[in-house]
Amino acid sequence: MIRTGRAGRGYALRGAAVVAVVAMAGVTAGCKEQPAAGASAGPSATAGSSSPTDDAKPGGGSASPSASAEPESKKPKEPAKASPKPSATRTTPPADPQGKVLMASGSEGRQVRELQARLRQIGHFDRTPTGYYGTVTVAAVQSFQGKRGLPRTGKTDTVTWQKLLGMTHEPTAAELNPPTTRPVAKPDKRCLTGRVLCISKNSRTLSWMIDGKVVSSMDVRFGSQYTPTREGTFSVYWKSRHHVSSIYHTAMPYAMFFSGGQAVHYSSDFAARGYNGASHGCVNVRDEGKIAALFAQVRTGDKVVVYK
């Protein structure tokens, strides 16, 4: 019985040892599985953050593993999301990609006259071309630019000019230098003989006449009621191409003096403002091309007739 008891205790001890070993093996196996699961979760989260589904989340993932992986997965994609911004700034065309303004307020010459004639062809300039880029021309260019989706600068840059050229034809001589916009008055009888500057206050026109025939005509304006243009028969006693008034210190190009300080001359103010202004007694011409041609033909001693 004693042997039997010792043997039973021996088996019991051995059984307990086996159970302990199995239990320890189970605990050890459980400790190894946690890191394995964690390791497998790490890569899966990283892979998930770079998946198409993650790109559809504008705010990023909510789990910390995907958030920690986000900087690496998002960095190469941020430039792609930011790329539309520069293209948005190109939706409005610049005034001039080459940065070159061809004509602007104060410009003068044949190209300005052509600009005005082309604008007139499509209804943006409602008067005779003058060759002077004044406030009326600025407004006409702004109107054209606004209807074509261009910045309304009022300056004729290369983009505006090319757009205008594509919509119009080359102006004819008559379009560049049309007859006066106002009906020419019947000439006074004093204008029917010789070389005469025949000037009508009622029609506000000047006709250059030789032996009763009209050579050219142009719009003119006169002095105000406080500084009226004198009426009567005079003669040109002095011509001054680049004259500047000693009283008002204003330019009087192509001046042809006929009575004291009163002269027929080009007026940039008349070209810009039209009949909204007045002279200080002179006969203003607003078409520089016409007054330049007239100045070249008129001689000292030619008759001047100013009448109503």
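Up top you'll find the structure we're talking about.
Residues numbered from 1 in each chain as written. Predicted model: local features only at pLDDT ≥ 70, side-chain atom pairs only at ≥ 80, totals over all residues. Heavy atoms only, no water.

Thoughts on the overall build of the protein
Selection criterion: Put simply, DSSP H or I for four residues or longer makes a helix, DSSP E for two residues or longer makes a strand, and each gets a number counted from the N terminus. Categorising residues by exposure relies on relative accessible area from a 1.4 Å probe, with only protein chains included: less than 20% of the type maximum marks a residue as buried, more than 50% marks it as exposed, and the intermediate range marks it as partly exposed. Areas reported here follow the Shrake-Rupley algorithm with a probe of radius 1.4 Å; residue values treat only the protein chains shown as occluding.
Of the regular secondary structure elements, the protein holds eleven helices and eleven strands. Burial status across the protein gives 37% buried among its 308 residues. Summing over all exposed atoms, the protein offers an accessible surface of approximately 17,300 Å²; the carbon and sulfur share of this is 58%.

With respect to the sheet that holds strand β8 (residues 251–259)
Worth spelling out the cut-off: Only strands joined by at least two bridges in the DSSP assignment are considered to pair. In this description, a line fitted to the C-alpha atoms serves as the axis of each element, helices being fitted only across the stretch in contact, and the angle between N-to-C directions of two axes falls anywhere from 0 to 180 degrees. In this analysis, two residues are considered to be in contact whenever any of their non-hydrogen atoms come within 4.5 Å of each other.
The nine strands lie next to each other as β6-β11-β3-β4-β5-β10-β9-β8-β7, forming an open sheet whose pairing is mixed. Among the strands making up the open sheet, the edge pair consists of β6 (232–235) and β7 (238–244). Averaged over all pairs of adjacent strands, the angle between their axes in this sheet comes to 30°, without regard to strand direction. In this structure, strand β9 (residues 262–266) lies alongside strand β10 (residues 283–285), joined through three bridges in parallel fashion. Counterpart to Y266 in the pairing with β10 is V285. Packing of helix α11 (residues 288–297) onto the sheet brings it into contact with β3 (195–200), β4 (205–210), β5 (213–221), β7, β8, β9 and β10, and relative to β8 it is tilted by some 50°.

Digging into the packing of aromatic side chains
What counts is decided by this rule: Within 6.5 Å between ring centres, the rings of Phe, Tyr and Trp (the latter by its six-membered ring) count as paired, and their orientation is classed by plane angle as stacked under 30 degrees, edge-to-face over 60, tilted in between.
Counted according to the given criterion, the structure contains five aromatic pairs. Arranged with centres 6.3 Å apart and planes meeting at 45°, the rings of Y237 and F257 form a pair that is tilted. One end of the pair, Y237, is in the loop between β6 and β7; the other, F257, is in strand β8, with 20 residues separating them in the sequence. Given the relative accessible area of 44%, Y237 is considered partly exposed. A centroid spacing of 5.1 Å and a plane angle of 70° characterise the contact between F270 and Y275, whose relative ring orientation is edge-to-face. Under the relative-accessibility criterion, F270 is labelled buried at 0%. With relative accessibility at 26%, the residue Y275 sits in the partly exposed group. The rings of Y237, W238 and F257 are connected pair by pair, giving a single aromatic cluster.

Points about the pairing of strand β11 (residues 303–307)
The buried count for β11 comes to four of five residues, which makes it a mostly enclosed element. Direction of pairing for β3 relative to β11: parallel, over a ladder of five bridges. Its bridge partner being in β11, V196 is matched across the sheet by K303. Pairing between β6 and β11: four bridges, direction antiparallel.

Structural notes on the state of the cysteines
Selection rule: Cysteine sulfur atoms are paired as a disulfide whenever they fall within 2.5 Å.
The tally for this structure, following the rule as stated, stands at one disulfide. Each disulfide pairs two cysteine sulfurs, and for C191 the partner residue is C198, the sulfurs being separated by 2.1 Å. Taking the sign of the S-S torsion, 80° for the link of C191 and C198, the bridge is right-handed. Assessed through its relative accessible area of 3%, C198 is described here as buried.

Some points on the pairing of β3
On any regular strand, side chains alternate: one points to one face of the sheet, the next to the other face. With five of six residues buried, β3 lies mostly within the body of the structure. Here six bridges tie β3 to β4, and the two strands are oriented antiparallel to one another. In the sheet register, R195 faces β4, and the bridge partner there is I210. Two successive antiparallel strands, β3 and β4, enclose a turn made up of four residues, where R204 displays a positive phi of approximately 55°.

What about the packing of helix α7 (residues 135–147) against helix α8 (residues 158–167)?
The criterion, for reference: Throughout, the term roughly parallel applies to angles under 35 degrees, roughly antiparallel to angles over 145, roughly perpendicular to angles from 65 to 115, and oblique to all others. All amino acids are sorted into three groups, where Ala, Val, Leu, Ile, Met, Phe, Trp, Tyr, Cys and Pro are nonpolar, Asp, Glu, Lys and Arg are charged, and the leftover types, Gly among them, are polar.
At a minimum axis distance of 11 Å, the contact between α7 and α8 shows a crossing angle of 80°. What the angle tells us is that α7 and α8 run roughly perpendicular. Residues V141, F144 and Q145 of α7 touch α8, and the partners they reach there are T160, K163, L164 and M167. For the contact of α7 with α8, the per-class residue count stands at four nonpolar, two polar and one charged.

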